[in-house]
4 protein chains.
Amino acid sequence: MIVILKGDVTEAQIQHVLDRVAELGLRPHLSRGTYRTIVGLIGDEDKISQGALRSIPGVQDVLRVLPPYKLASLEAHPQPSVVQVGRVRIGGGQMALIAGPCAVEGPERMRSIARAVREAGANILRGGAFKPRTSPYAFQGLGEDGLKILREAGDEAGLPVVTEVLDPRHVELVARYADMLQLGARNMQNFVLLTEVGKTHKPVLLKRGMAATVNDLLMSAEYILSQGNSQVVLCERGVKGFDSITRNLFDVAAVAAVKTLSHLPIIVDPSHATGRPDLIPPCALAGLAAGADGVHVEVHDCPEQAASDGQQALLPAQFAELSEQLRRLGELFGRKFSSPTGD
Amino acid sequence: MIVILKGDVTEAQIQHVLDRVAELGLRPHLSRGTYRTIVGLIGDEDKISQGALRSIPGVQDVLRVLPPYKLASLEAHPQPSVVQVGRVRIGGGQMALIAGPCAVEGPERMRSIARAVREAGANILRGGAFKPRTSPYAFQGLGEDGLKILREAGDEAGLPVVTEVLDPRHVELVARYADMLQLGARNMQNFVLLTEVGKTHKPVLLKRGMAATVNDLLMSAEYILSQGNSQVVLCERGVKGFDSITRNLFDVAAVAAVKTLSHLPIIVDPSHATGRPDLIPPCALAGLAAGADGVHVEVHDCPEQAASDGQQALLPAQFAELSEQLRRLGELFGRKFSSPTGD
Amino acid sequence: MIVILKGDVTEAQIQHVLDRVAELGLRPHLSRGTYRTIVGLIGDEDKISQGALRSIPGVQDVLRVLPPYKLASLEAHPQPSVVQVGRVRIGGGQMALIAGPCAVEGPERMRSIARAVREAGANILRGGAFKPRTSPYAFQGLGEDGLKILREAGDEAGLPVVTEVLDPRHVELVARYADMLQLGARNMQNFVLLTEVGKTHKPVLLKRGMAATVNDLLMSAEYILSQGNSQVVLCERGVKGFDSITRNLFDVAAVAAVKTLSHLPIIVDPSHATGRPDLIPPCALAGLAAGADGVHVEVHDCPEQAASDGQQALLPAQFAELSEQLRRLGELFGRKFSSPTGD
Amino acid sequence: MIVILKGDVTEAQIQHVLDRVAELGLRPHLSRGTYRTIVGLIGDEDKISQGALRSIPGVQDVLRVLPPYKLASLEAHPQPSVVQVGRVRIGGGQMALIAGPCAVEGPERMRSIARAVREAGANILRGGAFKPRTSPYAFQGLGEDGLKILREAGDEAGLPVVTEVLDPRHVELVARYADMLQLGARNMQNFVLLTEVGKTHKPVLLKRGMAATVNDLLMSAEYILSQGNSQVVLCERGVKGFDSITRNLFDVAAVAAVKTLSHLPIIVDPSHATGRPDLIPPCALAGLAAGADGVHVEVHDCPEQAASDGQQALLPAQFAELSEQLRRLGELFGRKFSSPTGD
């Protein structure tokens, strides 16, 4: 860390800073400039709270120079990680195409959508059984029944399945049915849930929170990794923005930025990022062009009857067209959608 | 709800919309303008998903006209609610002054801070036993030991205590020790936790999420209220902003906006909102001037030794000075800090 | 427009609203719902100020249903516009590749960069002669000398040139030298400059402001169009975001959103959007994949000696590689970079 | 400045950095840590472009330690500045209360509003003659006629007047009629206009831009100051936010933050910040409580007939009530509204 002292810092204050740093087991390195004096800290940064250092009189600012995440960093693991979901491989040139309805609504609809997305090229099936809804009066999902329906539809279509887990008490239950656990944007900093999911050996789809920086996202991944679960796939799904023309602000540069910092695969979710079916295809393509390791799209065979978020779903035929465009785009960049059968 | 149709909507599409609405048990009211046709929906809006309506071909937009929260709304309860924590009353002209360290660090420090804030005029003691930390390697709090220390310090100082709960499995445990349960900003849309806390009869301090609108905040309050717990105090603590000069962006207008929509008390937390001790006093005063029902401030007797967030704490002497200013400001507006002894 | 009345509106207030609307020469259409009464306004919306309507007692909200821009809208001009700069055509499947240094620094450097970008596939040369700098002490550009240098370098390389104009008094001067006038992000709502530029017959490159919605951007284009100049190319260059990992937040979905609303071409500027050379190629590709009609990239042969913004420039060799990737990506989508010689 | 080198920087790269720094006339001070090497630059920072340094291979980041504004900084002028408008003094315990309509609409209305706000305690009269409107079709103001009307109304009421200038070619004209020149939020980084206004000796009211940081605001003030005009009053009027419940996000902490950095007075404008008359009084009071040197409020005697922005104006009676509350609040803090007669 680097401690920048105030312009009017006194010699006594400088000495106090040096003493504190030494107390903490670090070696300070003082450097006096024309206008500012700075102290470099040599040793293990993790021993120190930045906030406590900032509280010392005479200190203007404290800067980290190392990323606070270790396991997630590219320095720890310079090669791209590959996460396996069923037989689908995500990362290192292989891509995920996750598709399905926002919520599992019933066995027939689920089966028909599963078949449709499989035919169109999806390699992982999604569907929510536990739904995080902003209103307590809205449809909250079918719970375990939904998990069963999803599992059966996936098995029938030959696709591994991913579904969201909301409650740390349900992690084991959801893990019994699903091949991949999804952590939603609103739970990205639910550290209890991150820890619980980290204790399983299931692959995790970790969605970026609406107010989370890329650094925050990687810190949340670190929570999972630090529990011994290295199977984390990140997902950019839009952050909070000021323009209501889209539901969220799709931060496509974050995909590329993650690639410069971490070995973890990252996919994009243009359904939640835009909330508009007409913007899903262009944003899915943009995500892939920026380097994403896959795409997550909501597909529904009758959005106007969907129990939740119908307006951000594609129809199966629209999805099939997009899937074909994504396939060709991936080819251009030497990446391909992993086969659900592992071929 | 109001459904606005596209400019090039066909008669067949209009009919389809009318049919759908009728299927849902509502009465449509068609109105053809020069440029746009709109459909007003008469009946119970809650039966309908806005998203599903938006997915119908020919529909341009769907607008709610009623707030989606009912119990939290001023229409449901036109008088300000008063929430009681121990003997402290919050709302309707009585104010909270919540103070204490970010984290409970040990019995002696906790006791001495408790005495100091009580003497300075605080009426509720705070301190974190379970800490939500962005890094898995950071101090996570003392857990149940911390709860005991906080309880004892509060009892000794004659102050009710508030502390954060992170895990739905800990709600009962925390409720055994605390007079008020805090839900942190990162958990504002942790619907599982909101529901669990709603099942207790403990007062809840609900902090606004960093990307949450005022409407989102009231919807989260609605989760708690809908479980039968009406003791909710809201807290504005800054939203995500683009200027790193403050840690968050203190949205003081939200305090006044909440007062036009809801009967629930709302306080401000300038410590988290600004992350800078020099900005805490002006922002605390601003919050009160805007109509807040109290203030939440972190106080530490040695911020440079604090285990977390030392840089956003006031020293006891600074807090005492602020407390006196707040008291006089409250007087000007005919509001006063409730006595911890209920006098 | 639609006027939504408050839940507790009185009959006298309703009558007052109806009278006001009639006074303004519009026909009101009243619709009473279970919970809310709404008034549709039939006639020319432009006669009315939304703000004034909102001020009428009993009015809760006022909603526009028509876009406030007319000439820029797709309804006015359903086919994509094609803007011609020199012999380069932008829009309708033809793309721009604008490249050059942030600022014109001298004749030799400008000539060598011009040659390099032309060889690498650029079809328009850029370079700033008047620079908008946040500091009054920073290099402000070479002024008219810079314009001459740019013009000569463009002529020598066989490329039309674009450069920024900052001052309404300089519009004529800049138009004498440049083939296209650039309006920077900070001037997107400089209505005086928009009007002045609208009076010329020069193509305009209009950059989106950092706090501008897509609607704001189209309204600014409307200013230019309403003066009789229809040669407007929009440019997405990032909006203000909360994550300092990139300089701005590249809103790639805005490109696709503009295509649903307007016939005007839109290009992307990943240099300003990200401020990081390593993120320029992925974001340029993402922009094209989302449907952009071209790319604007800063190129410098020695960024570490650049007089301004060196850190967001590509080296000529990096640009050549990107140009080739963009060419192949365009091909996939059936779009191509227009030839600077018009072939 | 401090240059932080990358973790994998080579010795040759370090030497290259040291050479570059020396070439620029600065003295480098190398400091090798366990994980990172940093270079402190000793000498005149203004000689160097941060961007150019960031472009040097091996450089990870470049940090400024001194504020880039000099004349506006507290270090340059440790006492609060007092700006005089007519006989009204702003700063150092004396406050401005600026009131009037958004736009000058006609002589009678202007006179009657001027009288009303003067009686209610305003000490400066405002009114727009040149209006920056997002739509080219909206009312653009009365121009010079508006200036005359404003001047006469101010003279009759005994109030100095402030009005916005949009065009550098109009600065002289506007300065003939007005006692203070307003630079609007959309022009905060219109450096041409800042420079032109800096050449006059008129007091300037500089509004913060919607995407401007506090640092940006102070840099724009520096433009004016660097031209020799030291009469600058800053104005916080809300930044872009994600919650549409208010028109902008009133950043009250910025008022307090400016006080820690600059000697310039700063006032608040709750009309533009919130866009809602019911939130103007609480936000005006909050601004004063946070340390503002005054308040700017739109007042109209019939907002529903206003030619622009009627919905964010107070009625004269509402303004009178607010004025009285502000007076009493100011008293509590030992500040008072300056008399327009200089008494």
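Per-chain numbering applies: the sequence of each chain, read as written, is numbered from 1 onward. Chain letters start at A and ligand numbers start at 1, both assigned in the order the entries are written. Residue-level local features of this predicted model are given only where pLDDT is at least 70; pairs of side-chain atoms are given and counted only at 80 or more, and the full residue set underlies all totals for whole chains, interfaces and linings.

Student: Hey, could you go over the overall build of chain A for me, with residue numbers and the actual values?
Tutor: Only runs of H or I of at least four residues qualify as helices and only runs of E of at least two qualify as strands under DSSP, and these elements are numbered from the N terminus. The secondary structure content of chain A amounts to 11 helices and 15 strands. For the C-alpha atoms alone, the extent of chain A along its principal axes is close to 75 × 45 × 40 Å. Three exposure classes are used, based on other C-beta atoms lying within 10 Å of a residue's own C-beta, which is placed from the backbone: buried for 20 or more, exposed for 12 or fewer, and partly exposed in between. Buried positions account for 63% of the 343 residues belonging to chain A. Contacts in chain A between residues far apart in sequence, at least 24 positions, make up 66% of those at least 6 positions apart. Here the contact rule is simple: place C-beta atoms from the backbone, and any two residues whose C-beta atoms are within 7 Å are in contact.

Student: Got a sec to walk through the sheet that holds strand β4 (residues 59-63) of chain C? Specific residues and values, please.
Tutor: Residues and elements named next belong to chain C. Should DSSP find at least two bridges between two strands, the strands are regarded as paired. Spatial ordering of the open sheet is given by β2-β3-β1-β4, a layout of 4 strands whose pairing is antiparallel. Across the chains shown, the open sheet's two edge strands, defined by having one partner strand only, are β2 (27-32) and β4. Taken pair by pair, the neighbouring strands of this sheet meet at an average axis angle of 20°, ignoring direction. Relative to strand β3 (residues 37-42), β2 is paired through 6 bridges, and the arrangement is antiparallel. Pairing of leucine 30 across the sheet is with valine 39, part of β3. Axis lines are fitted through C-alpha atoms, for helices just across the contact stretch, and the angle between N-to-C directions can take any value from 0 to 180 degrees.

Student: Please set out the interface of chain A and chain B residue by residue, giving values where relevant.
Tutor: Tallying the contact residues gives 42 residues for chain A and 42 residues for chain B. If you list the elements that add at least two residues to the side of chain A that touches chain B, you get α2 (50-54), α6 (191-198) and α7 (214-225) of chain A. Ranked by the residues each element gives to the side of chain A that touches chain B, the list is headed by α7(A), at 4 residues. Considering only residue class, the side of chain A that touches chain B consists of 17 nonpolar, 13 polar and 12 charged. Think of it as three bins: nonpolar holds Ala, Val, Leu, Ile, Met, Phe, Trp, Tyr, Cys and Pro, charged holds Asp, Glu, Lys and Arg, and polar takes everything else, Gly as well.

Student: So what's going on with the relation of the copies chain C and chain D? Residues and values would help.
Tutor: Between chain C and chain D, which share one sequence, the superposing operator has a rotation angle of 180° and an axial displacement of 0.0 Å; the RMSD is 0.0 Å. Such a combination of rotation and displacement between the chain copies is what one expects of a two-fold axis. Identified as the residue of chain C closest to the rotation axis by C-alpha distance is C:Ala211, at 2.7 Å. Least squares is the method for superposing the copies, and the C-alpha atoms it fits come from residues with pLDDT of at least 70 in both.

Student: Describe in detail the domain arrangement of chain A, supporting the description with residues and values.
Tutor: Note: domain ranges come from an automatic or database domain assignment. Assigned domains within chain A: domain 1 (2-63) and domain 2 (83-337). One C-alpha centre belongs to domain 1 of chain A, the other to domain 2 of chain A; they are set 44 Å apart.

Student: Can you lay out helix α4 (residues 144-157) of chain C for me, pointing to particular residues and giving the numbers?
Tutor: Residue and element names in this part refer to chain C. Between the first and last C-alpha of α4 there are 20 Å, a value that for 14 residues agrees with the 20 Å anticipated at 1.5 Å per step. Turning to α4, its buried residues number three or more, namely Gly146, Leu147, Ile149, Leu150, Arg151, Ala153, Gly154 and Ala157. One or two residues past the end of α4 sits glycine 158, with phi positive at roughly 75°. In a helix, the anticipated span is given by 1.5 Å times the number of residues less one.

Student: Could you give me a rundown of the packing of helix α3 (residues 107-120) of chain C against helix α11 (residues 316-332) of chain C, with the residues and numbers involved?
Tutor: Residues and elements named next belong to chain C. Orientation of α3 relative to α11, taken along the N-to-C sense of each, is 25°, at an axis distance of 9 Å. The angle between α3 and α11 falls in the class roughly parallel. Along this stretch, α3 crosses α11, giving a crossing that reads as right-handed. Between α3 and α11, the residues in contact are Ala116, Val117 and Ala120 and Pro316, Phe319, Ala320 and Ser323, respectively. The class makeup of the residues in the contact of α3 with α11 is 6 nonpolar, 1 polar and no charged. Convention used here: angles under 35 degrees read as roughly parallel, angles over 145 as roughly antiparallel, angles from 65 to 115 as roughly perpendicular, and any remaining angle as oblique. With the far helix as reference, a near helix turned anticlockwise by less than a right angle produces a left-handed crossing, and one turned clockwise produces a right-handed crossing.

Student: Could you give me a rundown of the interface of chain C and chain D, with the residues and numbers involved?
Tutor: How big an interface is tends to be expressed through the accessible area that disappears when the partners come together. Taken together, the contacts link 42 residues of chain C with 42 residues of chain D. Those elements that place two or more of their residues in the side of chain C that touches chain D are α2 (50-54), α6 (191-198) and α7 (214-226) of chain C. In terms of residue count, α7(C) provides more of the side of chain C that touches chain D than any other element does, 5 residues in total. Tallied by class, the residues present in the side of chain C that touches chain D amount to 17 nonpolar, 13 polar and 12 charged.

Student: Can you tell me about the sheet that holds strand β4 (residues 59-63) of chain B, naming the residues and giving the values?
Tutor: Residue and element names in this part refer to chain B. Taken in spatial order, the 4 strands make up an open sheet running β2-β3-β1-β4, and their pairing is antiparallel. Since the sheet does not close on itself, it has two edges, and those belong to β2 (27-32) and β4, each with one partner. Taken pair by pair, the neighbouring strands of this sheet meet at an average axis angle of 20°, ignoring direction. Sheet analysis places strand β1 (residues 2-5) next to β4, joined by 4 bridges and oriented antiparallel.

Student: Give a detailed account of the packing of helix α10 (residues 280-289) of chain B against helix α8 (residues 252-261) of chain D, specifying residues and quantitative values.
Tutor: Viewed as axis vectors pointing N to C, α10(B) and α8(D) meet at an angle of 150°, and their least axial separation amounts to 9 Å. By crossing handedness, the relation of α10(B) to α8(D) is classed as right-handed. On α8(D), the residues touching B:Pro282, B:Cys283 and B:Ala286 of α10(B) are D:Val252, D:Ala253 and D:Ala256. Taken together, the residues of the contact of α10(B) with α8(D) break down into 6 nonpolar, no polar and no charged.

Student: Give a detailed account of the environment of A:Ser81, specifying residues and quantitative values.
Tutor: Residues and elements named next belong to chain A. Mapping serine 81 onto the fold places it in the loop between β4 (59-63) and β5 (83-85). Residue class for serine 81 comes out partly exposed when judged on the 19 C-beta atoms lying within 10 Å of it. Separated by 152 residues in the primary sequence, serine 81 and valine 233 have C-alpha atoms spaced 9.3 Å apart. When residues no more than four places from it in sequence are discounted, the contact partners of serine 81 are Gly91, His263, Leu264 and Pro265.

Student: Explain helix α7 (residues 214-225) of chain B to me, and be specific about the residues and the numbers.
Tutor: All names here are of chain B. Over its 12 residues, α7 extends 16 Å from the first C-alpha to the last, a length consistent with the 16 Å expected when each residue adds 1.5 Å. Here α7 lies mainly inside the structure; 10 of its 12 residues are buried. Along α7, the residues that are buried comprise Val214, Leu217, Leu218, Met219, Ser220, Ala221, Glu222, Tyr223, Ile224 and Leu225. Those residues of α7 that are buried are in contact with α6 (191-199), β11 (204-207), β12 (232-236) and α8 (252-261).

Student: Now, about the environment of B:Val59: what can you tell me, with residues and values included?
Tutor: Residue and element names in this part refer to chain B. You can see valine 59 is positioned in strand β4. Taking the C-alpha atoms as reference points, valine 59 and valine 17, separated by 42 residues in sequence, lie 8.2 Å from one another. In contact with valine 59, other than residues within four places in its own chain, are Val3, Leu5, Val17, Leu53 and Arg54.

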